[in-house]
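# Close look at the chain arrangement
Spelled out from the first residue to the last, the chains are:
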Amino acid sequence: KQWYQRRVWEGSTHSKFYREYLPDVNKRYSCVHCQAHLAFHNDIISKSFHGSQGRAYLFNDVVNVRTGPAEERILLTGKHSVADIFCASCKTTLGWKYEFAFERTQKYKEGKFIIETIHMVKDNGWDLLM
């Protein structure tokens with residue numbers, strides 16, 4: 001997977017981001033607000049998470065998101081350093097990225113992404129269930 005970023009003009013602090021389009025070969029999730037692709041179904045690690053707005057999924061990898069600054073939060077599973085993630089297209093807060101887990105049993109979450117299901121829509125290939 002690749003992320004494309006291009007400067008609009010030299011010396012500018014503004015960057016133009018281009019949407020990344022995931023291939024049509026797998027089931028995927030998109031932003032419910034702007035339809036930007038977010039992740040493949042196969043990148044789900046767990047569906048047993050909850051965010052501030054309800055059910056959420058833990059993903060190994062996502063696209064078309066921007067990350068805010070990291071901050072320490074006390075979550076249901078302990079203390080973590082997390083950064084909110086936003087849709088790169090419509091700027092909606094989608095969930096967060098685990099930057100650091102203070103407890104050894106939670107280390108598997110580091111570098112992974114939570115997206116709340118209220119912000120996702122199933123896209124491509126869901127009609128072809130095996």
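Structure: see above.
Quick caveat, the model's predicted, so the values are computed rather than measured. (Residues numbered from 1 in each chain as written. Predicted model: local features only at pLDDT ≥ 70, side-chain atom pairs only at ≥ 80, totals over all residues. Heavy atoms only, no water.)

With that out of the way, let us pick up the sheet that holds strand β5 (residues 44-51). Strand order across the open sheet formed by 6 strands is β5-β6-β10-β9-β8-β7, with antiparallel pairing between neighbours. If you trace the sheet from one side to the other, it starts and ends with β5 and β7 (65-75), each paired once. When strand polarity is set aside, the average angle formed by the axes of neighbouring strands in this sheet is 30°. As judged from the 3 bridges shared by strand β9 (residues 93-101) and strand β10 (residues 113-116), these two strands associate in the antiparallel manner. By the bridge assignment for β10, Trp 96 is matched with Ile 114. (Pairing = 2+ DSSP bridges. Helix = DSSP H or I, 4+ residues; strand = E, 2+ residues; numbered from the N terminus. Axes fitted to C-alpha atoms, helices over the stretch in contact; angles between N-to-C directions.)

This paragraph deals with the packing of aromatic side chains. Overall, the coordinates contain 5 aromatic pairs when judged by the stated rule. On the numbers, 5.9 Å between centres and 75° between planes, the contact of Tyr 29 with Tyr 57 is edge-to-face. Placement of the pair is Tyr 29 in strand β3 (residues 28-31) and Tyr 57 in strand β6 (residues 54-59), with a sequence separation of 28 residues. Grouping residues by exposure puts Tyr 29 and Tyr 57 together as buried. Judged by centre distance (5.8 Å) and plane angle (75°), the ring pair of Tyr 29 and Phe 59 falls under edge-to-face. Here Tyr 29, found in strand β3, pairs with Phe 59, found in strand β6; they are 30 residues apart in sequence, far enough to count as distant. Looking at Tyr 29, the relative accessible area reads 3%, which means it is buried. (Phe/Tyr/Trp six-rings, centres within 6.5 Å; stacked < 30°, edge-to-face > 60°. Buried < 20%, exposed > 50% of the residue type's maximum accessible area, 1.4 Å probe, protein only.)

Turning our eyes to something else, we now look at the sheet that holds strand β11 (residues 120-123). Across the sheet, which stays open at both edges, the 3 strands sit in the order β4-β3-β11 with antiparallel pairing between neighbours. Both outer strands of the open sheet, β4 (37-40) and β11, are each paired with one neighbouring strand and no more. Neighbour-to-neighbour, the strand axes of this sheet turn through a mean angle of 30°, independent of strand direction.

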